Amino acid sequence: PPICAATWHQRVMAALPDLRLILLVGGAAQRWHLGAKGGVTETVASWRSHAPRVFPLPHPSWRNTGWLKRNPWFERDLLPVLRQKVSEALA
């Protein structure tokens with residue numbers, strides 16, 4: 001909920017100054033961090049403009065099966081790069 005972001009966002013980000021990777025999962029996170037005006041698909045499709053530190057992602061849900069089928073670029077293009085960045089961030 002927006003009250004959580006308003007209450008905790010600044011404190012959490014201040015406590016984690018050396019974040020190497022930020023995953024923005026879902027529309028609310030994308031609007032909060034990026035000021036995204038479009039929908040999730042549009043924002044996720046523009047992932048290259050935010051990478052390599054920030055990755056907008058769709059919310060993981062069994063309901064996204066149709067979305068994944070309609071957007072094959074997500075698994076083909078974005079996920080390999082994201083996997084690499086996660087690996088680097090954890091190293």
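Look above for the structure.
Quantities reported herein were computed from a predicted structural model and do not represent experimental measurements.

Q: Sorry, what's going on with the overall build of the protein here?
A: Across its full length, the protein holds 5 helices and 2 strands. Oriented by its inertia axes, the alpha-carbon framework of the protein measures out at about 40 × 30 × 25 Å. Burial analysis of the protein (91 residues in total) assigns 26% to the buried set. Put simply, of all contacts in the protein between residues at least 6 apart along the chain, 57% involve residues at least 24 apart. Accessible surface, the protein as shown: approximately 6,300 Å² in total, 60% of it carbon and sulfur.

Q: What should I look at first to understand the nonpolar core in this one?
A: Within soluble globular proteins, side chains that are nonpolar tend to cluster in buried spots. Grouped together as the largest cluster of nonpolar side chains are 12 residues: Leu21, Val44, Trp47, Phe55, Leu57, Trp67, Trp73, Phe74, Leu78, Leu79, Leu82 and Ala89. Listing elements by their share of this core, those giving two or more residues are β2 (54-57) and α5 (73-90). The dominant element in this core, judged by the number of residues it contributes, is α5, at 6 residues. Residues contacting alanine 89, with those up to four places away along its chain left out, are Arg20 and Leu21.

Q: Just checking my understanding: could you explain unusual backbone geometry for this structure?
A: One can expect most non-glycine residues to show negative phi and most peptide bonds to be in trans. Geometrically, the link from alanine 51 to proline 52 is a cis peptide bond, its omega value of 15° lying close to zero. Tracing the sequence through the fold places proline 52 in the loop between α3 (40-45) and β2.

Q: Would you mind showing me how to read the packing of aromatic side chains here?
A: The description of two aromatic rings rests on the distance between their centres and on the angle between their planes. Evaluated as defined, the whole model comprises 4 aromatic pairs. Relative to tryptophan 73, the ring of tryptophan 67 has its centre 5.8 Å away and its plane inclined at 75°; by these criteria the two rings are edge-to-face. On the basis of an interplanar angle of 75° and a centroid distance of 5.5 Å, the ring pair of tryptophan 67 and phenylalanine 74 is categorised as edge-to-face. The same class applies to tryptophan 67 as to phenylalanine 74, namely buried. Against the face of tryptophan 8 rests arginine 11, its NZ or CZ located 4.8 Å from the ring centre.

Q: I'm lost on the pairing of strand β1 (residues 22-25) in this one. Help?
A: When a strand is regular, its side chains alternate between the sheet's two faces. Side chains Ile22 and Leu24 of β1 all project onto a buried face; the interleaved residues Leu23 and Val25 project onto a face where none is buried. Sheet topology places β1 next to β2; 4 bridges connect them, and they run parallel. Directly across from leucine 24, in β2, lies its bridge partner proline 56.

Procedures and definitions
Residues numbered from 1 in each chain as written. Predicted model: local features only at pLDDT ≥ 70, side-chain atom pairs only at ≥ 80, totals over all residues. Heavy atoms only, no water. Helix = DSSP H or I, 4+ residues; strand = E, 2+ residues; numbered from the N terminus. Buried < 20%, exposed > 50% of the residue type's maximum accessible area, 1.4 Å probe, protein only. Contact = heavy atoms within 4.5 Å. Areas by Shrake-Rupley, 256 points an atom, 1.4 Å probe, with all protein chains shown as cover. Core = buried A, V, L, I, M, F, W, Y, C linked by side-chain atoms within 4.5 Å. Phe/Tyr/Trp six-rings, centres within 6.5 Å; stacked < 30°, edge-to-face > 60°. Lys NZ or Arg CZ within 6 Å of the ring centre and 35° of its normal. Pairing = 2+ DSSP bridges.

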